[in-house]
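# Architecture at a glance
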Amino acid sequence: TETATTVSKEITYDMEELQKGLTAAECQKTQPEFHISVNLSYVQILKSDVCEEIEHWIEFYNLKPESLMVELTESGYVDDNSPAVKRLWDRLREYGVMIALDDFGTGYSNFQLISSMVPNIVKLDRSFTVKALQNIFEHQLMDHIIQLVHSVNLKICVEGVVGDKTSYVYDRFG
């Protein structure tokens, strides 16, 4: 389908960029924590069997499945009870691929998605970080979200943490 082709092109593009220097497999030899992230939207999940495509590219490029992170992007409403979404997450987990809930804190993302998806990582949207740098209420809210995610043994990525101005976020939240 058109959606599956788009996903394939995105993965292929990412991989072709890597091959200009080292291949992904070579990167993994020297950097065991090397990961590749691929964004998927809810619409892409519904319209095609992206898991088959992902498995193909992992094998084609000789990647460790656990070094690939599939990020569900917050592009609109996500029906977390959808059989297509559940089937995808189950297959990806079985295969060893990591799952991330991207853009958390914007749009339709909510704690129910964390509960139903049980992602490996929750990516707190950059807009949250920007607000947290500007006022104490937003900072405290971000602090509590991070604590909550950690309390259920999930990892969190605070997007938008760059430079000296925001480096305290790393020190404070880990």
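Residues numbered from 1 in each chain as written. Predicted model: local features only at pLDDT ≥ 70, side-chain atom pairs only at ≥ 80, totals over all residues. Heavy atoms only, no water.

Right, let's get into the packing of helix H4 (residues 50-60) against helix H5 (residues 83-95). The interhelical angle for the contact between H4 and H5, taken along N-to-C directions, is 20 degrees, at an axis separation of 10 Å. Accordingly, the angle class assigned to the pair H4 and H5 is roughly parallel. As H4 runs across H5, the sense of the crossing is right-handed. Between H4 and H5, the residues in contact are Val50, Cys51, Glu52, Ile54, Glu55, Ile58 and Glu59 and Leu88, Arg91, Leu92 and Tyr95, respectively. (Axes fitted to C-alpha atoms, helices over the stretch in contact; angles between N-to-C directions. Helix = DSSP H or I, 4+ residues; strand = E, 2+ residues; numbered from the N terminus. Parallel < 35°, antiparallel > 145°, perpendicular 65-115°, else oblique. Left-handed = near helix turned anticlockwise from the far one by under 90°. Contact = heavy atoms within 4.5 Å.)

On to a nonpolar patch on the surface. Residues Ile136, Phe137 and Leu141 make up a contiguous nonpolar surface patch of roughly 310 Å² in combined accessible area. By the element assignment, Phe137 lies in helix H8 (residues 136-151). (Patch = residues over 30% accessible without salt bridge, like charges linked within 9 Å, V, L, I, M, F, W, Y side chains within 5 Å. Areas by Shrake-Rupley, 256 points an atom, 1.4 Å probe, with all protein chains shown as cover. Salt bridge = Lys/Arg side-chain N within 4 Å of Asp/Glu carboxyl O.)

Turning our eyes to something else, we now look at the sheet that holds strand E2 (residues 68-72). The strand order E1-E2-E3-E4-E5 describes an open sheet built from five strands, whose pairing is parallel. The outermost strands of the open sheet, each flanked by one partner alone, are strand E1 (36-40) and strand E5 (155-158). Strand-to-strand twist in this sheet, taken as the mean axis angle between neighbours without regard to direction, amounts to 25 degrees. Alignment of E1 against E2, held across five bridges, turns out to be parallel. Pairing of Val38 across the sheet is with Val70, part of E2. Contacts from H8 reach strand E3 (98-104), strand E4 (121-124) and E5 within the one sheet, and its direction differs from that of E5 by about 150 degrees. (Pairing = 2+ DSSP bridges.)

With that out of the way, let us pick up H5. With 13 residues, H5 extends 18 Å between its outermost C-alpha atoms, agreeing within 8% with the 18 Å of an ideal straight helix rising 1.5 Å per residue. Within the span of H5, buried status applies to Ala84, Val85, Leu88, Trp89 and Leu92. For H5, the arc enclosing every buried residue in end-on projection is 130 degrees, short of the 170-degree limit, so these residues lie on one face. Residues of H5 that are exposed and point over 90 degrees away from its buried face: Pro83, Lys86 and Glu94. (Expected span 1.5 Å × (residues − 1). Buried < 20%, exposed > 50% of the residue type's maximum accessible area, 1.4 Å probe, protein only. Arc of directions from axis to C-beta.)

Quick look at the environment of Val149 now. Tracing the backbone shows Val149 in helix H8. Between the C-alpha atom of Val149 and that of Ile114, which follows or precedes it by 35 residues, the distance is 8.8 Å. Leaving out residues up to four positions away in the same chain, Val149 has contacts with Ile114, Val122, Leu154, Lys155 and Ile156.

So, about the environment of Asp90. Following the sequence through the fold, Asp90 ends up in helix H5. Residue classification places Asp90 among the partly exposed residues on the basis of a relative accessible area of 35%. Here the alpha-carbon distance between Asp90 and Met117, two residues 27 residues apart in the chain, equals 9.5 Å.

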